[in-house]
Amino acid sequence: MDFNKVIKENKQNIKNIIRLITKEDNEDLEQEVYVKIWKNSNKYKEQGTIKSWISQITKNTSLDYLKSSYHKVFSTATSDDYTLGTIKDKKSTPEKNAANTERQQKIIKAVNNLKPKFKEVIMMSEIYGYSYEECAKKLKCPLGTIKSRIYNAKKELAEQLKDLI
């Protein structure tokens, strides 16, 4: 296993999982995941995808962090800066709500405007979180076809949503 290549290919996925679970960017947690991958690389069996294996390690590490006493102490801190930083603006204006709703509707419309084969792979990979390999198995298509469809779907979405980007 080429550790540098594996990390390079999965870095963004690791960051996304950590952010999704912990609701924060946490470089220390990211480093902990890398160490666990390195230490356990000899235990990886090629029964599933390496991305799935790394995702599971990241998920478990993030959940362990949330259960840890360090996180509990930090998250209940009441320093003025921390408290002010975590208070959400409760004055949601109708303009903000309308803009958010309009944005969501544009995205949904853009996805719905995709060709069925593109919409299917985008939904599976981006919404349901399937790996490319899992999409290929479920759709009974070659992996290259899945990659091509996802690339083309993202290209179409970027074109349709360029005013949001």
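Structure's up top.
Position labels on residues start from 1 in each chain and follow its written sequence. With the structure being a predicted model, the display of local features is reserved for residues of pLDDT at least 70 and the display and counting of side-chain atom pairs for 80 or more, all residues being used for whole-chain, interface and lining totals. Calculation of side-chain values draws on the structure's entire complement of heavy atoms; hydrogens and water are dropped beforehand.

A. How the structure looks around helix α7 (residues 116–127). Its twelve residues place the ends of α7 15 Å apart at the C-alpha level, agreeing with the 16 Å of an ideal helix rising 1.5 Å per residue. Note on contacts: a residue pair is in contact if any heavy atoms of the two residues lie within 4.5 Å. Only DSSP runs of H or I with at least four residues qualify as helices, and only runs of E with at least two residues qualify as strands; both kinds are numbered from the N terminus onward. Its buried side turned inward, α7 meets α8 (132–139) and α9 (143–160). Looking one or two residues past α7, Gly-129 carries a phi angle of roughly 80°, positive in sign. Given a helix with a known number of residues, its expected span is that number minus one, times 1.5 Å.

B. Quick peek at the nonpolar core. Ile-14, Ile-18, Val-33, Ile-37, Trp-53, Ile-54 and Ile-57 are the most contacted members of the largest nonpolar core, which has 13 residues in total. Listing elements by their share of this core, those giving two or more residues are α1 (3–22), α2 (27–39) and α3 (50–67). To define a nonpolar core, start from buried Ala, Val, Leu, Ile, Met, Phe, Trp, Tyr and Cys residues and group those joined through side-chain atoms within 4.5 Å. Burial status follows relative accessibility: with a 1.4 Å probe on protein chains alone, a residue under 20% of its type maximum counts as buried, one over 50% as exposed, and anything between as partly exposed.

C. Inspection of the state of the cysteines at higher detail. The term disulfide is used for any two cysteine sulfur atoms that are within 2.5 Å. Tallied over the entire structure, the rule returns zero disulfides. The thiol of Cys-135 is unpaired, and the distance to the nearest cysteine sulfur, on Cys-141, comes to 9.8 Å.

D. Fine view of the packing of α7 against α9. The axes used here are C-alpha line fits, helices contributing only the stretch in contact, and every angle between their N-to-C directions lies in the interval 0 to 180 degrees. Running from N to C, α7 and α9 point in directions that differ by 95°, and their axes come no closer than 9 Å. Classified by the interaxial angle, the pair formed by α7 and α9 is roughly perpendicular. Of the residues in α9, those touching α7 at Lys-117, Phe-118, Val-121, Ile-122, Ser-125 and Glu-126 are Ile-146, Arg-149, Ile-150, Asn-152, Ala-153, Lys-154, Glu-156 and Leu-157. When residues are grouped by polarity, Ala, Val, Leu, Ile, Met, Phe, Trp, Tyr, Cys and Pro land in nonpolar, Asp, Glu, Lys and Arg in charged, and all others, Gly among them, in polar. Counted by class, the contact of α7 with α9 contains seven nonpolar, two polar and five charged residues. Working definition: roughly parallel below 35 degrees, roughly antiparallel above 145 degrees, roughly perpendicular at 65 to 115 degrees, and oblique for all remaining angles.

E. Highlighting the packing of α2 against α3. Contact geometry of α2 with α3 gives a least axis separation of 10 Å together with a crossing angle of 130°. With respect to α3, the element α2 is oriented oblique. Between α2 and α3 lies a crossing of right-handed hand. Listed contacts from α3 to Leu-29, Glu-32, Val-33, Lys-36 and Ile-37 of α2 are Trp-53, Ile-54, Ile-57, Thr-58, Thr-61, Ser-62, Asp-64 and Tyr-65. Per-class residue counts for the contact of α2 with α3 are seven nonpolar, three polar and three charged. Working rule for handedness: look at the near helix, and if it is turned counterclockwise from the far one by less than a right angle, call the crossing left-handed; if clockwise, right-handed.

F. Quick look at the side chain of Asn-13. Looking at the element boundaries, Asn-13 is found in helix α1. The contact partners of Asn-13, leaving out residues within four places of it in the chain, are Lys-51 and Ser-55.

G. Region of the structure containing the pattern of salt bridges. We define a salt bridge as a side-chain nitrogen of Lys or Arg found within 4 Å of a carboxyl oxygen belonging to Asp or Glu. Evaluation of the coordinates by the stated rule reveals seven salt bridges. For the salt bridge of Asp-25 with Arg-19, the shortest nitrogen-to-oxygen distance reads 2.7 Å. The exposure class of Asp-25 is exposed, given its relative accessible area of 60%.

H. Quick peek at the environment of Ala-110. For Ala-110, the location among the structural elements is in helix α6 (residues 94–113). Those residues in contact with Ala-110 that lie beyond four places of it in its chain are Leu-157, Gln-160 and Leu-161.

I. Expanded view of the side chain of Asn-26. Structurally, Asn-26 can be placed in the loop between α1 and α2. You can call Asn-26 buried: its relative accessible area is 12%. Polar side-chain contacts of Asn-26 include one of 3.1 Å to the side chain of Glu-24. Polar contacts, as counted here, are pairs of nitrogen or oxygen atoms within 3.5 Å of one another; within protein the pair requires one atom able to donate a hydrogen and one able to accept it, and residues that are adjacent in sequence qualify only if both atoms are side-chain atoms. In terms of polar contacts, Asn-26 uses its side chain to reach the backbone amide nitrogen of Asp-28, at 3.2 Å. Setting aside chain neighbours within four positions, we find Asn-26 in contact with Ile-18 and Tyr-65.

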